[in-house]
Structures are given as C-alpha cells and as structure tokens.
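Chains, contacts and geometry: an overview
Spelled out, the chains give:
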Amino acid sequence: MIVTVDPDSLVPPFEQLKTQISGLIGGGSLSRGARLPSVRQLASDLRLAPGTVARAYRELEDAGFVETRGRHGTLVLGAQHRPAASELRARLATAANSYISIARSLGATDQQIRRQLDDGLA
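Quantities reported herein were computed from a predicted structural model and do not represent experimental measurements.

Cut-offs applied
- Residues numbered from 1 in each chain as written.
- Predicted model: local features only at pLDDT ≥ 70, side-chain atom pairs only at ≥ 80, totals over all residues.
- Heavy atoms only, no water.
- Helix = DSSP H or I, 4+ residues; strand = E, 2+ residues; numbered from the N terminus.
- Expected span 1.5 Å × (residues − 1).
- Buried < 20%, exposed > 50% of the residue type's maximum accessible area, 1.4 Å probe, protein only.
- Arc of directions from axis to C-beta.
- Salt bridge = Lys/Arg side-chain N within 4 Å of Asp/Glu carboxyl O.

Take helix H3 (residues 50-62) next. Between the first and last C-alpha of H3 there are 18 Å, a value that for 13 residues agrees with the 18 Å anticipated at 1.5 Å per step. Residues Val 53, Ala 56, Tyr 57 and Leu 60 constitute the buried set of H3. Projection of H3 onto a plane perpendicular to its axis shows the buried side chains occupying an angular sector of 95 degrees, all on one side. Looking one or two places after H3, you find Gly 64, whose phi comes out positive at around 85 degrees.

Right, dumping it as structure tokens:
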C-alpha cells in the first residue's frame, strides 16, 4: 500500500490518509481481506503520530471500509460497504464544503472551483 502525506497541505494528515486508503479500496488496489499496516508501522513509515493513523483507521472503520480485529490487525472489508443514501449526502456535503473552503482560501473563484470539479469528474 502506497500512501503519502503532504505536510504543507491544508487538509489534515488523517483526512489525507483516509481519502487515499478509501480510494485504494474503491479502486480495487486493496481487495477484501487485505491487511493494512499496523498503526505504529504506518505512523513510523510516514513520520506521523500514531494517533493520526489511528484516527484515519477509525474513520475508515466507521465508514465500513475496514474492520479492526485487535491483534489480528485491520482488514479491508471492500468497496461494497457503502453508506446509506442519507449518510452519503451528508458526507458529500462535508467533503464539498471542505473543498470549497480550501479552494477559496487559495484564492480560487467559484468558476475555477467548478471547472476543477468538472475536470476531476472527466
């Protein structure tokens, strides 16, 4: 599993991890039953606090992407575990608001924000 954290990003490190790992799961790079690195190992590899990695794993578990089994580690459940429609809407709204806030703090106009979203969807 290859993930990186940009320390200069406005996005918190735990959120960067969560987004990248869920993307690897959704894209099929991490398949059902795959074991994620331990919290301590990934924290050491990325030079992060273990609590940062633990938070990302906890939020991935809450979203249904992974399951933590104590000493047996954290295992991928797979992309088929999707949130209910109401939770999906709420999570999309949160993600959109974060993106808009970051983009505006960088000085982007509404037109530039929309164009970037369209490019990303293409």
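For the rest of this paragraph, the subject is the pattern of salt bridges. Pairing between side chains of opposite charge can happen when the charged atoms of each approach one another. Under the counting rule described, the total for this entry stands at 5 salt bridges. For Lys 18, the salt bridge identified is with Glu 15, shortest N-O distance 3.6 Å. Residue Lys 18 and its partner Glu 15 are both found in helix H1 (residues 13-26); the two are separated by 3 residues, about one turn of the helix. Residue Arg 69 is joined to Glu 67 by a salt bridge in which the shortest nitrogen-to-oxygen separation is 2.9 Å. Accessibility expressed as a relative area gives 43% for Arg 69, which makes it partly exposed. The class of Glu 67 is partly exposed, set by a relative accessible area of 29%. Through salt bridges with shared partners, a single network forms among Glu 15, Lys 18, Arg 55 and Glu 59.

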